[in-house]
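Now for the letters of each chain:
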Amino acid sequence: MELFVFICASVMVLGGALGVVLRSNPVHAALSLVLTLFGIAVMFVSQHAEFLAAVQVVVYAGAIVVLFLFVIMLLGVDRAENLETEPLGIQRPLAIVLGFGFVALLVTTILQGRDSLNMRGDGINVASDGDHDANIRQIARSIFSNYVVAFEVTSVLLIVAVVGTVVLARKRKSDKDLTGVTA
Amino acid sequence: MIALTHSLLGIDPLFDGGLLWTPLLIVVLKVLVVFVIGLVATMLMVWFERKAIAGMQNRIGPNKAGPFGLLQTLADGIKLFFKEDLLPERSDKLVFRLAPYLSFVPAFLAFAIIPLGGDYRNGNGGLVTWFGHQTRVQLADPPIGVLFALAISSIAVYGIMLAGWSSGSKYPLLGSVRASAQMVSYEAALGLSLAAVILVTGTLSTSGIVGSQSSLGSWNIVATGVIPFAIFMISATAELNRPPFDLVEAEQELVGGFNTEYSSIRFSLFFLAEFMNTITMSAVIVTLFFGGPQPISIGNTTLDIPLVNNSLEGSIWLIAKVLVFLYIYIWFRASLPRFRYDQLMDLGWKFLIPASLGWFMLLAAQRLADNENWDQLIVMPLSIAVILVCFIFMQLAFRASAKNRESEGASF
């Protein structure tokens, strides 16, 4: 049963990923991305990480890809692209090299960490045993105690990004005007 | 195996003996019943809305098909099925066909986690026994509980967004851009007021949330202080794209909104999804804030319906409470004028989100003080003072940005 779920989810993930790369229409590509994200959510559920699955759907499928689509629609780039022409000449060979590099990195990581993978994730089993909310409680405890600094730094980073975007997007008539306003 | 069903369907004692035929049949039966209830309820809701609005506007409303015009929706539905199905030439064929289902399916999915009945009195936990198996009167009770409803409502954006885009025409596109911006912004306020409920009850599971609201005083509307309920209600209305937030289909500005190009069965799927969502959202509100299938009880006295057994009584209470909210939605539609788009965004971002965040902080402070045995009389005024200072800063920021905008001109 677990294998069956895994195979179905993998087909979703891989199919979606191929769709993102191969579809020439940006909106179709974004929808394929949603498929991939759903597949990952299914895998989270089958590994008892229900909270992660929910967050995956709410944040990635529900907010981020919606924003992608939003930008695609507003900018009007939703026509099918002609894949023959290449705006940046070096892009394609570089992508191939980087892709192989990434695969090599993943393979070495998996080979190196095979022993710990064989332990079959004790943490998750502990989390889902017993009561209903153990899962979320465990995540909350590790985020807000062990990794609280990393968590807070990430949120500060996000705020900096938002402020930066606002500053960049603001239209200024002239610098003289601006100093008059902000002073 | 059992663990997997547990993680998919939640801690339902139905599967304690492994996956057998009877529990499987019970699940299939539940799915069927929930689906049929959804369809029939939607049909009745459309009739109810038309009749109630007609009453408020001194009209008669549907009165020809069936007793009191009850079958009018069925007649309209049959008519829609037999109309010509148009596929606009400039549309994106695949997405155009897909979009109605993307809005129809989530509308039904969200209904799966609502406790539809059962006996929650005296800490019973809503368990009923069917064919010798203990189970709950709800399709699924996943560990993520109410987060599932949130996830589903964020998926529902896709239906409307893609419908507008794939139509290949300007008005639907404008409607869908409006809709997605509106739904994404109000989801934040929705989630934050939901967090207040989760904080107070300490569980995500819907049956757990219902179970904790055993008397009128512990209903979450009282336990969280009315503010999260008010915010949830307003943002739910915006999330549903119902009046006064129905800018998605503002006829005067957008012809018909995101579904202008749709006809026949595809249009009826959107229509169905919209009303189904209204019912689901009312049920979610009742579950979160008004005790779901719990009877009204003050202290030790419970308002009991005579001659009906306790688990059936739960369903009756749920239907009664949901009906109140459906009526309120209709009332909104009949009495409130539509918001302007900038008013909508101001209300969402500048009022509802800060207010829900502030209230959530207040509740958290109160809870922390409770746990650590701090003096509430010191903690509460202090937290209110902090929130007030934040409020003043925010107002100053709004004023500064308004001034900037005046001197710089609009940025788009």
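Residues numbered from 1 in each chain as written. Chains lettered and ligands numbered in written order. Predicted model: local features only at pLDDT ≥ 70, side-chain atom pairs only at ≥ 80, totals over all residues.

Trainee: Before we move on, could you go through the overall build of chain B and cite the residues and values that matter?
Mentor: Within chain B, the regular secondary structure consists of 14 helices and four strands. By the compact-globule yardstick of 22 Å for 412 residues, chain B fits well, its C-alpha radius of gyration being 23 Å. Overall, chain B is about 60 × 60 × 50 Å in size when its C-alpha atoms are taken along their principal axes. (Helix = DSSP H or I, 4+ residues; strand = E, 2+ residues; numbered from the N terminus. Rg over C-alpha atoms; globule rule 2.2 N^0.38 Å.)

Trainee: Any chance you could break down the overall build of chain A for me, citing the residues and the numbers?
Mentor: When you go through chain A residue by residue, the secondary structure sums to nine helices and zero strands. The order of helices and strands in chain A, counted from the N terminus, is α-α-α-α-α-α-α-α-α. Counting all 183 residues of chain A, 20% fall into the buried class. (Buried ≥ 20, exposed ≤ 12 C-beta atoms within 10 Å, placed from the backbone.)

Trainee: So what's going on with the packing of helix α2 (residues 21-56) of chain B against helix α3 (residues 72-82) of chain B? Residues and values would help.
Mentor: Residue and element names in this part refer to chain B. Packing of α2 against α3 brings their axes to within 8 Å, and their N-to-C directions diverge by 110°. By the angle between their directions, the pair α2 and α3 is classed as roughly perpendicular. In this structure, α2 contributes M43, V46 and W47 to the contact, and α3 contributes Q72, T73 and L74. Classifying every residue of the contact of α2 with α3 gives four nonpolar, two polar and no charged. (Axes fitted to C-alpha atoms, helices over the stretch in contact; angles between N-to-C directions. Parallel < 35°, antiparallel > 145°, perpendicular 65-115°, else oblique. Contact = placed C-beta atoms within 7 Å. Nonpolar A, V, L, I, M, F, W, Y, C, P; charged D, E, K, R; others polar.)

Trainee: Lay out the environment of B:D246 with the relevant residues and their values.
Mentor: Residue and element names in this part refer to chain B. The topology assignment puts D246 in the loop between α9 (226-239) and α10 (251-254). A residue is classified by how many C-beta atoms lie within 10 Å of it, and D246, with 20 of them, is buried. Sequence separation between D246 and G225 is 21 residues, and the spatial gap between their C-alpha atoms is 28 Å. In this structure D246 touches N241 and R338, once residues within four positions along its chain are discounted.

Trainee: So what's going on with the packing of α9(B) against helix α13 (residues 341-372) of chain B? Residues and values would help.
Mentor: Residues and elements named next belong to chain B. With their axes 10 Å apart at the nearest point, α9 and α13 run at an angle of 145° to one another. Every pair of crossing elements has a handedness; the one defined by α9 and α13 is left-handed. On α13, the residues touching I227, P228, I231, I234, S235 and A238 of α9 are G348, L352, A355, S356 and W359. Residues that form the contact of α9 with α13 fall into these classes: eight nonpolar, three polar and no charged. (Left-handed = near helix turned anticlockwise from the far one by under 90°.)

Trainee: Can you tell me about the confidence of the model for chain B, naming the residues and giving the values?
Mentor: All names here are of chain B. Chain-level pLDDT for chain B is 83 on average; 92% of the residues reach the 70-or-more range. When pLDDT is averaged over each element of chain B, α9 comes out on top at 90 and helix α1 (residues 2-9) at the bottom at 52. For this predicted complex, the interface confidence comes out at an ipTM of 0.77, alongside a pTM of 0.84. (pLDDT = per-residue confidence, 0-100.)

Trainee: Report on the UniProt feature "transmembrane region" (unreviewed entry) in chain A, specifying residues and quantitative values.
Mentor: All names here are of chain A. According to UniProt, the positions carrying the feature "transmembrane region" (unreviewed entry) are residues 29-45, 57-77, 89-111 and 147-169. Across residues 29-45, helical content stands at 100% and strand content at 0%; the span's end C-alpha atoms are separated by 25 Å. Annotated as residues 89-111, this span is 91% helix and 0% strand, and its ends, taken at the C-alpha atoms, are 35 Å apart. (UniProt positions renumbered as here; feature names shortened; annotations may be inferred.)

Trainee: Can you explain the confidence of the model for chain A? Please cite residues and give values.
Mentor: Interpretation of the predicted coordinates at a detailed level should be avoided for regions scoring low in pLDDT. Residues and elements named next belong to chain A. Here chain A averages 79 in pLDDT, while 77% of its residues score no lower than 70. The spread of mean pLDDT over the elements of chain A runs between helix α9 (residues 175-182), the lowest at 48, and helix α8 (residues 148-169), the highest at 91. Counted against residues more than four places away or in other chains, residues 175-183, with its pLDDT under 50, gives four contacts.

Trainee: Summarise α13(B); cite the residues concerned and give the values.
Mentor: All names here are of chain B. Relative to the 46 Å expected for 32 residues at 1.5 Å per residue, α13 spans 45 Å between its end C-alpha atoms, a close match to the ideal helical length. At L352, α13 shows its largest kink, close to 30°, and the proline P354 lies no more than four residues downstream. Among all positions in α13, only L344, G348, L352, I353, S356, G358, W359, F360 and L363 are buried. (Expected span 1.5 Å × (residues − 1). Bend = angle between axes of the 7 residues up to and from the residue.)

Trainee: Could you give an account of the environment of B:I330, with specific residues and numbers?
Mentor: Residue and element names in this part refer to chain B. Residue position: I330 is located in helix α12 (residues 310-335). Spatially, the C-alpha atoms of I330 and R340 are 20 Å apart, while their sequence positions differ by ten residues. Contacts of I330, omitting those with residues within four sequence positions, involve E49, A52 and I53.

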